[in-house]
Amino acid sequence: MLDGWRWETPGVDDVEALVERLVGAGVVVRDPVVDDVLRGGRPALSSRSVERRFRAATGFSPGRVQQIARARAAAVALMRGEETADVAWRLGYYDEPHLARALRRFVGRTAGALRAGEGGAIALDPQDTTSYTSLTTPLV
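Residues numbered from 1 in each chain as written. Predicted model: local features only at pLDDT ≥ 70, side-chain atom pairs only at ≥ 80, totals over all residues. Heavy atoms only, no water.

(A) Quick look at the confidence of the model for the protein. Averaged over all residues, the pLDDT of the protein equals 80, while 83% of them reach at least 70. Confidence scores differ between elements of the protein, with helix H1 (residues 15-24) showing the lowest mean pLDDT of 81 and helix H5 (residues 84-90) the highest of 94. Within the model, pLDDT remains below 50 along residues 129-140, and this stretch shows 25 contacts once partners closer than five positions in the same chain are excluded. (pLDDT = per-residue confidence, 0-100. Helix = DSSP H or I, 4+ residues; strand = E, 2+ residues; numbered from the N terminus. Contact = heavy atoms within 4.5 Å.)

(B) Representation of the packing of aromatic side chains. A complete count under the given rule lists 0 aromatic pairs for this structure. Above the face of the tyrosine 93 ring, arginine 70 is positioned so that its terminal group lies 4.0 Å from the ring centre. (Phe/Tyr/Trp six-rings, centres within 6.5 Å; stacked < 30°, edge-to-face > 60°. Lys NZ or Arg CZ within 6 Å of the ring centre and 35° of its normal.)

(C) The arrangement of the pattern of salt bridges in detail. Taken as a whole, this structure holds 5 salt bridges when the rule is applied. Note that arginine 30 is salt-bridged to aspartate 35, the shortest N-O span being 2.7 Å. Its relative accessible area of 15% is what places aspartate 35 among the buried residues. Between arginine 90 and glutamate 82 there is a salt bridge, with the nearest N and O atoms lying 2.8 Å from each other. (Salt bridge = Lys/Arg side-chain N within 4 Å of Asp/Glu carboxyl O. Buried < 20%, exposed > 50% of the residue type's maximum accessible area, 1.4 Å probe, protein only.)

(D) Region of the structure containing helix H4 (residues 62-79). For H4, with 18 residues, the first-to-last C-alpha span of 26 Å sits near the 26 Å given by 1.5 Å per residue. Listing the buried residues of H4 in full gives Pro62, Val65, Gln66, Ala69, Arg70, Ala71, Ala73, Ala74, Ala75, Val76, Ala77 and Leu78. In this structure, the buried residues of H4 make contact with helix H2 (32-38), helix H3 (47-58), H5, helix H6 (96-106) and helix H7 (111-116). (Expected span 1.5 Å × (residues − 1).)

(E) Representation of the environment of alanine 56. Tracing the chain through its elements places alanine 56 in helix H3. As for alanine 56 and valine 34, which are separated by 22 residues in sequence, their C-alpha atoms are 10.0 Å apart.

(F) Expanded view of the nonpolar core. If you look at the biggest cluster of nonpolar residues, it comprises 16 residues, and the most contacted ones within it are Ala74, Val87, Tyr93, Leu99 and Leu103. The set of elements that each furnish at least two residues to this core consists of H4, H5, H6 and H7. One finds Val33, Val34, Val37 and Val50 within the second-largest nonpolar core, a separate group that totals 6 residues. (Core = buried A, V, L, I, M, F, W, Y, C linked by side-chain atoms within 4.5 Å.)

Next up, the structure:
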C-alpha cells in the first residue's frame, strides 16, 4: 500500500514501469530545488536549506550525491575501456586507490572488473552520454 493504493510488487524487469506509474499518479515527485542544484544552479536558499531539501528528497547530502555521480561517471568510462589513471585524473580523484575505494563503495566493482566486463550485469549504460560536468562544481 502506498498513498492509499495497492501497488503490484515489481519484478526485475518491471521496476522502471512501476516508477513511471508512481510518477504519473503523483506519488513520486521531483523537488525543483534538487533538480536545480543537480543542473549546476544556485537556488536562492541557504546552504542548510538546500541540504535539508536534498536529504528529504534523496536520503543523501548534496556531497554524497556528487560522490555517487563521480563514481558512476568513472565506472562508465572504465566500461568503455579508458585507462584507470586517466579516469582518476580527469574526474578529480587524488590517485588510483582513491578511485578504487569509491568504485567499491558506490558501484561494487573494481576498476579491473569494470574494464574487463566481469561481475555480471550492472545498472550502468556504457552508451550513456550524461555528463558529469554539471556536478564538478560544489553543490552548495
